[in-house]
Structures are given as C-alpha cells and as structure tokens.
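Listed below, chain by chain, are the residues.
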Amino acid sequence: MLPEKAEFIINRLRENGFEAYAVGGCVRDMLRGTVPNDFDITTSALPHETKEVFSDLHTIDTGISHGTVTVMVDNEPFEVTTFRCDGEYLDSRHPESVTFTMSVEDDLSRRDFTVNSMAMGADGKIIDPFDGKSDLENKMIRCTGEAEKRFSEDALRIMRALRFSSVLGFEIEEATAAAIHKKKELLLNISVERIFEELKKLLCGKDVLRILMEYSDVICTVIPDLSPCVGFDQKNKHHVYDIYEHSARAVDAIEPDSTLRLTMLLHDVGKPSVVSEDDKGFRHFFGHPEISAKMAEDILGRLHADNAAKDTVSLLCRWHDKDIIPDEKHVKRLFMRLSYEQIIMLCKVRMADNAAQNPKFQKRGEDAVKIMKLAERIILEKQCVTLRDLAVNGNDMKKCGYNGTEIGRILNLLLEKVIDGEIENKKEILLLFAERINNNI
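Because the structure is predicted, anything quoted here is derived from the model rather than measured. All residue numbers here refer to positions counted from 1 along the written sequence of the relevant chain. Local features in a predicted model are, by the rule used here, given only for residues with pLDDT of at least 70; side-chain atom pairs are given and counted only at 80 or more, and totals for whole chains, interfaces and linings are based on all residues. Side-chain metrics in this entry use all non-hydrogen atoms of the structure; hydrogen atoms and water are not considered.

Q: What exactly am I supposed to notice about the pattern of salt bridges here?
A: When charged atoms on two side chains of opposite charge get close, those side chains can pair. For this analysis, a salt bridge means a side-chain nitrogen from Lys or Arg found within 4 Å of a carboxyl oxygen belonging to Asp or Glu. On inspection of all chains with the given rule, the structure shows 35 salt bridges. Lys 184 is the salt-bridge partner of Asp 217, the closest N and O atoms lying 3.8 Å from each other. With Asp 217 in helix α11 (residues 216-222) and Lys 184 in the loop between α8 (174-183) and α9 (192-203), this residue pair connects regions lying 33 residues apart in the sequence. Note that Arg 318 and Glu 290 form a salt bridge whose closest N and O atoms lie 2.9 Å from each other. With Arg 318 in helix α16 (residues 307-319) and Glu 290 in helix α15 (residues 288-302), the pair connects residues that are 28 residues apart, well separated along the chain. Each of Glu 328, Lys 332, Arg 377 and Glu 381 takes part in one network of salt bridges that share partners. Strands are runs of DSSP state E lasting at least 2 residues, helices are runs of H or I lasting at least 4, and numbering of each runs from the N terminus.

Q: Looking at this structure, I do not really get the sheet that holds strand β1 (residues 20-23). What am I missing?
A: Two modes of strand pairing occur in sheets, parallel and antiparallel, and in both the strands are linked by backbone hydrogen bonds. Strand order in the open sheet made by the seven strands is β3-β4-β5-β2-β1-β8-β9, with mixed pairing throughout. Looking at strand neighbours, the two that pair on one side only are β3 (59-63) and β9 (126-127), the edges of this open sheet. Any two strands with at least two DSSP-identified bridges between them are counted as paired. Across two bridges, the pairing between strand β8 (residues 119-120) and β9 is antiparallel. Residue pairing in the sheet places Met 120 in a bridge with Ile 126 of β9. Contact criterion: two residues are considered in contact whenever any of their non-hydrogen atoms come within 4.5 Å of each other. To get an axis, a line is fitted to the C-alpha atoms, and for a helix only the part in contact is used. The angle between two axes follows their N-to-C directions and goes from 0 to 180 degrees. Each of β1, β2 (40-43), β4 (68-73), β5 (76-82) and β8 touches helix α1 (residues 4-15); the most contacted strand, β5, lies at about 35 degrees to it. Across the sheet, helix α2 (residues 25-32) touches β1, β2, β8 and β9, and the angle it forms with β1 is around 70 degrees.

Q: I tried to follow the environment of Glu 341 on my own but got confused; where do I start?
A: With respect to the helices and strands, Glu 341 occurs in helix α18 (residues 340-355). The sequence separation of Glu 341 and Ala 375 amounts to 34 residues, and the corresponding C-alpha distance is 9.8 Å.

Q: Would you take a moment to explain the packing of helix α12 (residues 243-253) against helix α13 (residues 258-266) for this structure?
A: The description of two helices packed together rests on the angle between their axes and the distance between the axes. In contact at an axis separation of 7 Å, α12 and α13 are set at 160 degrees when each is read in the N-to-C sense. The orientation of α12 with respect to α13, classified from their angle, is roughly antiparallel. The handedness of the crossing between α12 and α13 comes out as right-handed. Mapping the contact onto sequence places Ser 247, Ala 250, Val 251 and Asp 252 in α12 and Arg 261, Met 264 and Leu 265 in α13. Classification used: nonpolar for Ala, Val, Leu, Ile, Met, Phe, Trp, Tyr, Cys and Pro, charged for Asp, Glu, Lys and Arg, polar for all others including Gly. Its residues assigned to classes, the contact of α12 with α13 shows four nonpolar, one polar and two charged. Should an angle fall under 35 degrees it is taken as roughly parallel, and over 145 as roughly antiparallel, whereas 65 to 115 is taken as roughly perpendicular and any remaining angle as oblique. Here a crossing is called left-handed whenever its near helix is offset anticlockwise from the far helix by less than a right angle, and right-handed whenever the offset is clockwise.

Q: Just to check I follow, could you spell out α2 for this structure?
A: Since the α-helix turns once every 3.6 residues, residues separated by three or four places project in the same direction. The set of residues buried in α2 consists of Cys 26, Val 27, Arg 28, Asp 29 and Met 30. Where the residues of α2 are buried, they touch β1, β2, β8, β9, α5 (132-137) and α7 (156-168). Positive backbone phi, at 85 degrees, marks Gly 33, one or two positions downstream of α2. Under the scheme applied here, a residue whose accessible area is under 20% of the maximum for its type counts as buried, over 50% as exposed, and between as partly exposed, the area being computed with a 1.4 Å probe on protein chains only.

Q: I tried to follow the environment of His 267 on my own but got confused; where do I start?
A: Along the polypeptide, His 267 turns up in the loop between α13 and α14 (271-274). Other than its neighbours up to four places away in sequence, His 267 contacts His 246, Ser 247, Ala 250, His 288, Ser 292, Cys 317, His 320 and Asp 353.

Q: What exactly am I supposed to notice about the side chain of Gln 357 here?
A: Following the sequence through the fold, Gln 357 ends up in the loop between α18 and α19 (363-380). Using a relative accessible area of 12% as the deciding quantity, one classes Gln 357 as buried. Gln 357 has contacts with His 238, His 239, Val 240 and His 246, leaving out every residue within four places of it along the chain.

Q: Just checking my understanding: could you explain the nonpolar core for this structure?
A: Buried together is how nonpolar side chains tend to be arranged in soluble globular proteins. One finds Leu 13 and Leu 212 to be the most contacted residues of the largest nonpolar core, which totals 107 residues. In contact with Leu 212, other than residues within four places in its own chain, are Leu 202, Leu 203, Ile 219, Tyr 244, Ala 248, Val 251 and Leu 265. We define a nonpolar core as any set of buried Ala, Val, Leu, Ile, Met, Phe, Trp, Tyr and Cys residues linked to one another through side-chain atoms lying within 4.5 Å. Counting residues in each nonpolar core, the second largest holds 17 residues, with Cys 384, Ile 407, Leu 415 and Ala 434 among its members.

Q: I would appreciate a short explanation of unusual backbone geometry in the present structure.
A: Backbone geometry at Asn 75 places phi at a positive 70 degrees, although glycine is not the residue there. By the secondary structure assignment, Asn 75 is in the loop between β4 and β5. Even without being glycine, Lys 382 reaches a positive phi, approximately 55 degrees.

Q: Hey, could you run me through the environment of Ser 227 in this one?
A: Structurally, the position occupied by Ser 227 is in the loop between α11 and α12. Along the chain, Ser 227 and Tyr 21 lie 206 residues apart, while their C-alpha atoms are 45 Å from each other.

Q: Which parts of the structure should I look at to understand the packing of aromatic side chains?
A: Stacked, tilted and edge-to-face pairs are distinguished by plane angle, under 30 degrees for stacked and over 60 for edge-to-face with tilted covering the rest, among Phe, Tyr and Trp rings (Trp via its six-membered ring) whose centres lie within 6.5 Å. Counting across every chain of the model gives four aromatic pairs. Aromatic pair Phe 8 and Phe 54: ring centres 6.4 Å apart, planes at 65 degrees, arrangement edge-to-face. On the criterion of sequence distance, the pair formed by Phe 8 in helix α1 and Phe 54 in the loop between α3 (47-53) and β3 is long-range, its members being 46 residues apart. For Phe 8, a relative accessible area of 31% puts it in the partly exposed group. With relative accessibility at 0%, the residue Phe 54 sits in the buried group. Ring geometry for Tyr 21 and Phe 83: centres 6.4 Å apart, planes at 25 degrees, overall stacked. Separated by 62 residues along the polypeptide, Tyr 21 in strand β1 and Phe 83 in the loop between β5 and β6 (84-86) bring together distant segments of the chain. There is no split in this pair, since Tyr 21 and Phe 83 are both buried. Remark: a charge is flagged as sitting over a ring if the NZ atom of Lys or the CZ atom of Arg is within 6 Å of the ring centre and within 35 degrees of the ring normal. Sitting over the ring of Phe 164, Arg 163 keeps its end group 4.7 Å from the ring centre. The aromatic ring of Phe 285 is capped on one face by Lys 271, whose charged end is 4.8 Å from the ring centroid.

Right, here's the structure in full:
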C-alpha cells in the first residue's frame, strides 16, 4: 500500500473531482517489495488546479510548462504531474511540446518501459495497460509500445534499459535489445553527465558482466577508446580472455563501488597501443599501466567525472601492475607513496585483475591479500610509515642546520632508515643521525 503522505495527495485530488495515481518507478518498486526512493503522482488536474487543491500547502512550479507541480507535505516533496502526451522529439532527449490529456492510459503510453508504465490508486488497484506486472514477474525489460520510437524520443533510455537490466538482473526483451543496438549512436546527442550517471549505476549492478558483454557496442559508443580492446587476443599465458572480456570480468570481480569498477573497466585500455610480440608469438604490453592511466584520466575528463574519482582511477590504473613484494619492509615503503586507503583499493584492484586472468596463475591475487593484511596490521600497530609518524619534524631539522629542500630530503631519509629498521623512531636518535649526516656533507 501507499505511504500515508502519498495517499493523502491522491485522496485530496480525488475528493476535488480529479483522477490521481502513484506512477512509474515507485509502483514498480512496491510490487517488487522494495521501498521506493520517492513517489511521483499523476493526475487529471491541470497545474493551476493542482495548486488550488493544495493552496494550504507550499507548492513549487517545478516544471509548470510540462505539467509538474511539487507539493510539500511536512517538508517532503511530491511531484504531481498532469496526464500528458508528448510532442515531437527533435533532440533525442526532450519533447518540443506537451499536450495535457484526461486519460491516464495516454500518459502511461508515453513512458519508457512496461515495468515503469503502471499506476496505482490509493486503494492499491493497479492500472497496467501494457502488462508491466507480467514483465516484472518474468524479470523482463520491454519498451512501452514501439522500441525504436521510444529510443528515438529519448536516447538516454538506452542507458536506462542497460542500467535496469544490470541492477535488477532482468533480461532485455528481444525487440527492445535489437532497438538498443540499432539506435546506440543516438547516445551521442545526450549530455555526457547524464550518460555518466547511468554508466556508474550500470557498472555497479549485479548483472554487469552480462550487460558489458552483450552490449559492448553500446559501451564503446559511450567510451570509444575501448573499441580496440574488443576481441583483442592477448596471446599471453596469463590471459584466457581478450582485453575487453578480461576487463569486463575484472569489473564483475570487484565490489560494487563506482570508482573501483571504473578502474577495472579502464585499467587495460592502453594495451592495444603498446602491444609487441616476441619471436615465440607471445604478446607483451610494456608500459600499458602508464598509458592506461593517462587514457583513463582523459576519458573521465570527457565524461565530466569529479576530480577525486578521476585522480583515484588514474592512480589505481598506474599502479595496478607494479611489482610489490608482500613483506613488511616493502609494504611499509609503499606507505611513502600511497595512503592507507589507496593501498587497500589497490589490493582490491589487483585481486580483481588476477581473478579475471588465467586460473592457473593466481599468485598476484594471493600476494595482494598478504599486502592488504600487512597494511592493516601496520596501521593497527601504529608503526612509523609516514612523515607524520616520525618523532622529528621540519623545525627540528632546521635546528640541525638544514634549509629549503634539504629538510624534506633528510626527513625522507630518516623515514626510510626507520622503515628499514636501521634506526629507532626516537627523537634523540633521529637528531643525532641527522646531525652526523649534516657534518659529513
């Protein structure tokens, strides 16, 4: 059943002679037994009539020309939109005009997918002219009406279909899937911000591997840099998949965090550009982490990712293939280059990367587990691994006679000595060592 506030809005509209229903995603989610994030209301009331009905409450003209008024109920917003039919779409995103209608069926017919084309009254009765309930039960994503028309109207629906399929674990109906492949180029008309938001959600879905593999052409339309990776035989004993499938499987092997999954999607994107082949026919990709890191930074820049995500993905791509010895000394030295959080993310990346390789070669994944456990113990024991942990600081070095860039150099040298176990992290010992070095310069 509907929550009290949504039911209040619907009942008040009905008491004033108008039809009103909860509509779209909230109905889908309730039928699935999940709690909706918000509740949209559709009504036969025109926008000015909606405002009159709720004149005692605060209302906002959210999209008045498209029939939407936001009604605030105890500081909670509810979008109330007049039944409408959309006019012609010229930009593959927005209708040039809308026409208000008195039919809820007309309103439902303009929506994207059957599972989103259902309405629910305050009594719980479902209006379902396109059999969305059956598709929901059968776990199927199907366009409402003609698929190609729906995608031509709003190309972002292509990404939404893939996102719903990935997140919900639903199959995409045959005609809808065919239309996705046929109309994918229309995504070039959509803002990169919108596409990127859908891509991140898609990548974090439980069925991401299936979507990445079945719709690689769509993914490569969004990120054309991945196209050379599709079908690229690595011809290397460590790999049993082409570059793209390896990357897709690595995405699936890591936890559903958008930054980590973007890293796995892009960590080998530079491989085709640096490939070489030895006299035995084995392929090598020397320098690909650095190239992939630069390409990932450029790709995420084009997608308008925030700087934090862009920097983190680039760093993880750059480090994902470095040789790191899984012992305490080398992990301590790692802290001089990376933060604890970055080390943990890097270990997860290396484990996922290894999981998507030849099952016969799992040592790197095992080493990553060891590195992670060592890093966790080092932090738990509060060992000295960063300049902040040293018992001396820059002011102490000035008193020892150091100036300018020499201060940073000597502090880093002292940290290395402490990490390597050559001297203790005690102030008097560190000062004595620093003074001796300065006297010998």
